[in-house]
Amino acid sequence: MTAPVQFQVNRAGTAESAQLERYLGAYGHLVVVREGDLGYVHVHPEPELVDGTVKFWLTVPSSGRYRAFFDFPVGGKVHTAEYTINLP
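Computed from a predicted model, the values in this text were never measured in an experiment.

1. Some thoughts on the packing of aromatic side chains
Applying the stated criterion to the full structure yields five aromatic pairs. Here the aromatic residues Phe7, Phe56, Phe70, Phe72 and Tyr83 are joined through ring pairs into a cluster of three or more.

Shown next, in the form of structure tokens:
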């Protein structure tokens, strides 16, 4: 299954978009790990932002529960956001 996954980073406590920078050549990196057997996927985003949004095309090998880690740079520092994705 392949699906788009999009992230928009806002400044803490506001609706204002954060100014993302490139980190290792991209506006972010996404690592997804499957629960149970720790199946691992590393995804790079599309090369440019669209309205401040980072877009990835995530392909996972099977259904299940995945833990996603989105690394993104703001102000010279790399931050990580964590998410759980449940795929039927």
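2. Some thoughts on the pairing of strand E5 (residues 64–74)
When strand E2 (residues 29–34) meets E5, the two strands line up antiparallel, connected through six bridges. Residue pairing across strands places Val33 opposite Arg67, the latter belonging to E5. Here E5 pairs with strand E6 (residues 77–87) via eleven bridges, running antiparallel. Along E6, the bridge assignment pairs Arg65 with Asn86.

3. Section: the confidence of the model for the chain
Averaged over all residues, the pLDDT of the chain is 91; the fraction at 70 or higher stands at 100%. When mean pLDDT is compared element by element in the chain, E2 scores highest at 95, while strand E1 (residues 2–8) scores lowest at 90.

4. Quick word on the environment of Val32
Looking at the secondary structure, you find Val32 in strand E2. Separated by 28 residues in sequence, Val32 and Val60 place their C-alpha atoms 8.6 Å apart.

5. As for the pattern of salt bridges
Scanning all chains against the criterion turns up four salt bridges. In this structure, Arg67 engages Glu82 in a salt bridge whose closest nitrogen and oxygen atoms are separated by 3.1 Å. Taken together, the positions of Arg67 in strand E5 and Glu82 in strand E6 put the pair 15 residues apart, joining distant regions of the chain. For Arg67, a relative accessible area of 31% translates into the label partly exposed. Glu82 gets classed as partly exposed once you look at its relative accessible area, which sits at 47%.

What counts, and at which threshold
Residues numbered from 1 in each chain as written. Predicted model: local features only at pLDDT ≥ 70, side-chain atom pairs only at ≥ 80, totals over all residues. Heavy atoms only, no water. Phe/Tyr/Trp six-rings, centres within 6.5 Å; stacked < 30°, edge-to-face > 60°. Pairing = 2+ DSSP bridges. Helix = DSSP H or I, 4+ residues; strand = E, 2+ residues; numbered from the N terminus. pLDDT = per-residue confidence, 0-100. Salt bridge = Lys/Arg side-chain N within 4 Å of Asp/Glu carboxyl O. Buried < 20%, exposed > 50% of the residue type's maximum accessible area, 1.4 Å probe, protein only.

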